[in-house]
Amino acid sequence: MRAERGGIFEGRGAHRGHLWCDSVCVCSSSADYLDNGNNKMAIQQADKLLKKHKDLHCAKVLKAIGLQRTGKQDEAYALAQEVAALEPTDDNSLQALTILYREMHRPELVTKLYEAAVKKVPNSEEYHSHLFMAYARVGEYKKMQQSISAQDENLSKTMFLPLAERMVEKMVKEDKIEAEAEVELYYMILERLEKYKEALDVVRGKLGEKLTSELQSRENKCMAMYKKLRRWPECNALARRLLLKNSDDWQFYITYFDSVFQLIDESWTPPAEEEHSLEGEVHCSIEQAVNFIEERISEESKSARPLRGPYLAKLELIRRLRHRGCNDEYKLGDPEELMFQYFKKFGDKPCCFTDLKVFVDLLPPSQYTKFIRQLLDVIPLAAAAENEVALPGDIKALQQHLCVVQLSRLLGIYHAMEKKQKLAVVRELMLRYRHGLEFGKSCLKTELQFSDYYCLLAVHLLLDLWLEGEEAAVWQCLTLLEEGLSHSPSNAQFKLLLIRIYCRLGAFEPVSELYSSLDAKHIQHDTIGYLLTRYAGSLGHYAAASQSCNFALRFFHSNQKDTSEYIIQAYKYGAFEKIPEFIAFRNRLNSSLHFAQVRTERMLLDLLLEANISTSLEESIKSMSLSPEEDDIPWKDLLEISSTHTYGLPTLGHTIQPKNSEKTAENGVSSKIDTIRALLQQLEAAVDSGKKFLEQKIQYPVLGPPPTRMAGFFSNGSCQCQTSLFYLVSDIYELDTNGLEDSAEIQERIGNSFKSLVERLTDLFNKCKGDLIEVRDGTLKTHPNLLENLVFFVETISIALWVSSYCDSVLRPFKSNLQKKKKKKKESSVAMPPVFTHFLDYVTELQTLTSNVIDHIKGLEIILTALKLEELSLKDTLLLQEEKKFTKTVQGKVQSSYHHSVQEIGELLKKRLETIKKLKI
């Protein structure tokens, strides 16, 4: 931290590494202490200075920085605002306040600071520059434009370039464009204005000569403009010319073919006497294209380094000609033979499979087996004895065989096999995997083993069997993956598959460690982070769920700050073409579905774990600053793949209000009950759309997106239960508004709601009953749906208790008033309205039900503890001795995870039971 702070104290004109210049050297000792991390001494020095010079700005800000760093944020803020209110214009105070506001994470205050400075010193280019940067940090793009549009000419030229085409044109006319970044900027402006011809002229002209920092930058920009202008002759000629230089550049083969067929479709013919195009000779017939590709292959044979491009281009041309129905007449060759020759040449390269998989559709299905056999015949494999598996003797042969195995999987050869055949293939693949480990003995822990793909393919075959109903296969999957991970600790594929399978089995405990070991970087927290947040809470691991949500939110929030800095640096160093990319990147992350879900899940978790336990529900809701009228999450765009369950608790958050809250609309502002009813309509619409979505019965693959919680939410009765609870709020509000007299109908409705709620909650509990793990025919069988139903029960009972607390807060004053009337009239008995009896009966039944669930959970804990997994027979012939060790590890992890889940669920339910006991009106 000390080094980092020392860095930000460096400033212009500060020859001693501080931001303070010699004109205020009286502050230097205090600043030295801050630079060295001695914040208490810095505060003392600042206090001494302020006794002598009570209005010394720099001393006040130094003291504020010291206070901020010692945790006294409120004092620091008050002192800073005292200085800011005086609107300082000296460089030292402004820079010091900027540092302080950054440490406070309040960049918006920096903009106000420099707005005031610019008003007082309108001719300061430096202050305008700082103001511009401050606006960029908080994303105020319109103000960025305003801040420089009418200011110093040089500033306008360097900072207003992306926003003002006229200024750039003026520079061009005056021959003042010198840097490559300025040419890039001019090109960007013209492109965004869709002035493609002008942009092309810039790149092809004298200015284009400055585009030298990136390889083929000029040619790529020309190509992009030719495409926009649909100038296919130029596209073709340029692609052809670039391929003559480098026949391995795939992007230009695609452009070459695209342009050839466009020219054929347009019946284009070259002019008789003039040049074909601005870029030279044009090919506009299939014959020319065929000859050109054959020439490239011929040239490749003379190359010192084997080039894949020409061979793949021939396959691509065959595919395109077939699509047009005119392949045979050009005699390009048989795709099967061409792919075979390609394999012989490049089969030992890991890229061979990905290259060929694009073209396997050129093979007729009847030839698949023959093609695979043909490839196997050319791989040098040797068997130690007759009837034994022939194994590769070196890494090249292993890589060739791996390529064939992957192609076999792709062509569906394994898919057509019977169960026994598949298990035989799994055994062979694992034999090859273990043999291949011999070649990787010298590999570092961070490197993958050469034979890892054998293990992965074996796991995928077992996953197929599991999805077909073979229960034992899933444990074999986990066993092989754990074994693979022990040899390749950095294999992300193994880890991701383990995460998916453990979660599908309902075991979250091993997942946190696996995800952490993936060492996900930056954007990966968005692309794979959902694997953690989707399952943690729904499997009862509440502490881990809170941790994973916090981790995800930290990434998204820091991204907002970091991208602002990237934008600033791009402006500063003239990398203008990067600015729209950074802004687009930030916008994409801000509108991420994962971000929206995590924000909501974090709030739901806080309510579930704390509301009416450590804090009141009302306080919890207020601390979240929720506003249903101003929801900043675009749910309509994200709803399709998000769980409607997330609509439950935020809705309630705006419904629970103590008695005597505002009951009518005032000054045109809708009352809270109107907000509740509007939200209930939204909830109904969300539930309907969720049900329609489930009716499609979409089956995702194992490696596809994990299913949402919607199916369980609807099928186990949680949805109906929670929805009726929210409608009960409306009824209780109506009773609160109308009073006890003349409300017999409302009271009866509330009483009926209480009865049906208890019945529904009892039904939900019945769907939680059963063993979470059972041993059947020597095989372990898990029931994650029972665990998920238990979690749904806890969530639903929590909502029931919040609604009950609201009901309690409404009925207490009524009962108190009735008792006062009873005393005044000195009557021995005043008829108590039925709603009180309904409520007390309901609370008693809730208490009994919750106690029963807690007892059930205790029973589950005892069963899970007593389960002796080591006594499982593990008799399956597929398991070798070394595999049995990993199988026991895997089953132990699942057992431990289930135990952890029921413990956390039980603890939370006990807290909820204590809340129920307090509901005695």
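This is a predicted model, so every value here is computed, not measured.

**Q** What is the right way to look at the overall build of the chain in this model?
**A** Looking only at helices and strands, the chain has 42 helices and 4 strands in total. Sorting the 921 residues of the chain into buried and exposed places 50% on the buried side. Restricting the contact set of the chain to residue pairs at least 6 apart, pairs at least 24 apart contribute 68%. With an accessible surface of roughly 44800 Å², the chain has 50% of that area assigned to carbon and sulfur atoms.

**Q** Would you take a moment to explain the pattern of salt bridges for this structure?
**A** Two side chains carrying opposite charge are able to pair once their charged atoms lie near each other. Applying the stated criterion across every chain, the model contains 42 salt bridges. We note a salt bridge from arginine 240 to glutamate 281, for which the minimum N-O separation is 3.3 Å. One end of the pair, arginine 240, is in helix H15 (residues 232–245); the other, glutamate 281, is in the loop between helix H16 (250–265) and helix H17 (286–300), and 41 residues separate them in sequence. Taking relative accessible area as the criterion, arginine 240 reaches 16% and is therefore assigned buried. Glutamate 316 is the salt-bridge partner of arginine 319, the closest N and O atoms lying 3.0 Å from each other. Taken as a pair, arginine 319 and glutamate 316 lie in helix H18 (residues 309–323) at a separation of 3 residues, close to a single helical turn. The exposure class of arginine 319 is partly exposed, given its relative accessible area of 23%.

**Q** It is not clear to me how unusual backbone geometry should be interpreted in this structure. Could you clarify?
**A** Of all residues except glycine, most have a negative phi; of all peptide bonds, most are trans. For histidine 105, which is not a glycine, the phi torsion comes out positive at approximately 60°. Turning to its location among the elements, histidine 105 is positioned in the loop between helix H6 (91–103) and helix H7 (107–120). At aspartate 519, a position not held by glycine, the phi torsion is positive, near 55°.

**Q** Any chance you could explain helix H5 (residues 73–84) here in plain terms?
**A** In an α-helix, one turn spans 3.6 residues, which is why side chains three or four residues apart end up on the same side. With 12 residues, H5 ought to run about 16 Å at 1.5 Å a step, and its terminal C-alpha atoms sit 16 Å apart, in line with that. What H5 keeps buried is the set Ala76, Leu79, Ala80, Val83 and Ala84. With its buried residues spanning 140° around the axis, H5 presents them on a single face. Elements that come into contact with the buried residues of H5 comprise helix H4 (57–69), H6 and H7.

**Q** Looking at this structure, I do not really get helix H38 (residues 718–738). What am I missing?
**A** If you check H38, its first and last C-alpha atoms are 31 Å apart, about what 21 residues at 1.5 Å a residue would give, namely 30 Å. Remark: glycine 739 follows H38 within two positions and exhibits a positive phi of approximately 85°.

**Q** Any chance you could explain the pairing of strand E4 (residues 779–782) here in plain terms?
**A** Walk down a regular strand and you will see the side chains alternate between the two sheet faces. Covered by surrounding structure in E4 are Leu780 and Thr782 only, the residues Thr779 and Lys781 on the alternate face being uncovered. Direction of pairing for strand E3 (residues 773–776) relative to E4: antiparallel, over a ladder of 4 bridges. When the sheet's bridge partners are listed, isoleucine 773 is paired in E4 with threonine 782. A loop of 2 residues connects E3 with E4, the two strands running antiparallel in sequence, and aspartate 777 in this loop sits at a positive phi of about 55°.

**Q** Looking at this structure, how should I read the packing of H6 against H7?
**A** The description of two helices packed together rests on the angle between their axes and the distance between the axes. Look at H6 against H7: their axes get within 8 Å of each other, and the N-to-C directions meet at 165°. Taken together, the axes of H6 and H7 lie roughly antiparallel to each other. The handedness of the crossing between H6 and H7 comes out as right-handed. Listed contacts from H7 to Leu94, Gln95, Leu97, Thr98 and Tyr101 of H6 are Pro107, Leu109, Val110, Leu113, Tyr114 and Ala117. Split into classes, the residues belonging to the contact of H6 with H7 amount to 9 nonpolar, 2 polar and no charged.

**Q** Explain the side chain of aspartate 348 here, please?
**A** Take aspartate 348: it is sitting in the loop between helix H19 (335–346) and helix H20 (351–357). Taking the relative accessible area as the measure of exposure, aspartate 348 reaches 18% and is therefore buried. Apart from the residues within four sequence positions on either side, aspartate 348 is in contact with Lys396, Gln399 and Gln400.

**Q** What is the right way to read the packing of aromatic side chains from this model?
**A** Centre distance and the angle of the planes are the two values used to describe a pair of aromatic rings. Throughout the structure, instances matching the rule amount to 14 aromatic pairs. Here phenylalanine 556 and phenylalanine 595 contribute two aromatic rings whose centre-to-centre distance is 4.5 Å and whose plane-to-plane angle is 20°, an arrangement assigned as stacked. Residue phenylalanine 556 is located in helix H30 (residues 542–573), and its partner phenylalanine 595 is located in helix H32 (residues 593–610); the two are separated by 39 residues in the primary sequence. Side by side, phenylalanine 556 and phenylalanine 595 carry an identical accessibility label, which is buried. Summarising the aromatic geometry, the rings of phenylalanine 754 and tyrosine 842 are spaced 4.3 Å apart at their centres and angled 15° between planes, so their arrangement reads as stacked. One end of the pair, phenylalanine 754, is in helix H39 (residues 744–766); the other, tyrosine 842, is in helix H41 (residues 834–866), with 88 residues separating them in the sequence. There is no split in this pair, since phenylalanine 754 and tyrosine 842 are both buried. Members of the aromatic cluster, joined through ring pairs, are Tyr256, Phe257 and Phe292.

**Q** Even after reading the chapter, I still don't get a negative patch on the surface, so can you show me in this structure?
**A** Residues Glu759, Asp763, Asp841 and Glu845 make up a contiguous surface patch of negative charge. Mapped onto the negative patch, the elements with two or more residues apiece are H39 and H41. Mapping aspartate 841 onto the fold places it in helix H41.

**Q** Would you explain the nonpolar core in this entry?
**A** One broad rule of soluble globular proteins: the nonpolar side chains tend to lie buried together. Grouped together as the largest cluster of nonpolar side chains are 144 residues, with contacts concentrated most on Tyr502, Phe508, Leu772, Phe793, Leu811 and Tyr842. The element that contributes the greatest number of residues to this core is helix H40 (residues 784–825), accounting for 19 residues. Not counting chain neighbours up to four residues away, the residues in contact with leucine 811 comprise Leu735, Val835, Phe836, Phe839 and Ile921.

**Q** Teacher, can you tell me more about the environment of isoleucine 797 here?
**A** If you trace the backbone, isoleucine 797 turns up in helix H40. What makes isoleucine 797 buried here is its relative accessible area of 0%. Placed 52 residues apart in sequence, isoleucine 797 and leucine 849 show a C-alpha to C-alpha distance of 9.9 Å.

**Q** Looking at this structure, I do not really get the packing of H4 against H6. What am I missing?
**A** Here H4 crosses H6 at 15°, and the two axes come no closer than 9 Å. With respect to each other, H4 and H6 are oriented roughly parallel. In this structure, H4 meets H6 at a crossing whose hand is left-handed. Contacts between H4 and H6 pair His57, Cys58, Val61, Ala64, Ile65, Gln68 and Arg69 from the former with Ser93, Ala96, Leu97, Ile99, Leu100 and Glu103 from the latter.

**Q** Explain the state of the cysteines here, please?
**A** By definition, a disulfide links the sulfur atoms of two cysteines through a covalent bond. Summed over all chains, the structure comprises 0 disulfides. Among the cysteines around cysteine 351, which has no disulfide bond, cysteine 352 carries the closest sulfur, lying 6.8 Å off. Cysteine 352 supplies the cysteine sulfur nearest to cysteine 403, a cysteine that is in no disulfide, at a spacing of 3.8 Å. Assessed through its relative accessible area of 1%, cysteine 403 is described here as buried.

**Q** I'm lost on the side chain of asparagine 559 in this one. Help?
**A** With respect to the helices, strands and loops of the structure, asparagine 559 is situated in helix H30. Ignoring anything within four residues of it in the chain, the contact list for asparagine 559 reads Phe585, Arg586, Leu589 and Asn590.

**Q** Is there a simple way to explain the confidence of the model for the chain in this structure?
**A** Per-residue pLDDT for the chain has a mean of 84; in total, 87% of the residues score no lower than 70. Across the chain, helix H22 (residues 395–410) holds the top mean pLDDT of 96, while helix H35 (residues 648–653) sits lowest at 34. Between residues 1–24, whose pLDDT stays under 50, and residues either more than four places distant or in other chains, the model counts 53 contacts. Counting contacts from residues 639–670, a segment whose pLDDT is below 50, to residues more than four positions away or on other chains yields 80 contacts.

**Q** Is there a simple way to explain the environment of phenylalanine 792 in this structure?
**A** With respect to the helices and strands, phenylalanine 792 occurs in helix H40. Separated by 79 residues in sequence, phenylalanine 792 and phenylalanine 713 place their C-alpha atoms 7.4 Å apart.

The rules we used
Residues numbered from 1 in each chain as written. Predicted model: local features only at pLDDT ≥ 70, side-chain atom pairs only at ≥ 80, totals over all residues. Heavy atoms only, no water. Helix = DSSP H or I, 4+ residues; strand = E, 2+ residues; numbered from the N terminus. Buried < 20%, exposed > 50% of the residue type's maximum accessible area, 1.4 Å probe, protein only. Contact = heavy atoms within 4.5 Å. Areas by Shrake-Rupley, 256 points an atom, 1.4 Å probe, with all protein chains shown as cover. Salt bridge = Lys/Arg side-chain N within 4 Å of Asp/Glu carboxyl O. Expected span 1.5 Å × (residues − 1). Arc of directions from axis to C-beta. Pairing = 2+ DSSP bridges. Axes fitted to C-alpha atoms, helices over the stretch in contact; angles between N-to-C directions. Parallel < 35°, antiparallel > 145°, perpendicular 65-115°, else oblique. Left-handed = near helix turned anticlockwise from the far one by under 90°. Nonpolar A, V, L, I, M, F, W, Y, C, P; charged D, E, K, R; others polar. Phe/Tyr/Trp six-rings, centres within 6.5 Å; stacked < 30°, edge-to-face > 60°. Patch = residues over 30% accessible without salt bridge, like charges linked within 9 Å, V, L, I, M, F, W, Y side chains within 5 Å. Lys, Arg positive; Asp, Glu negative; His and termini not counted. Charge placed at Lys NZ, Arg CZ, Asp CG, Glu CD. Core = buried A, V, L, I, M, F, W, Y, C linked by side-chain atoms within 4.5 Å. Disulfide = S-S within 2.5 Å. pLDDT = per-residue confidence, 0-100.

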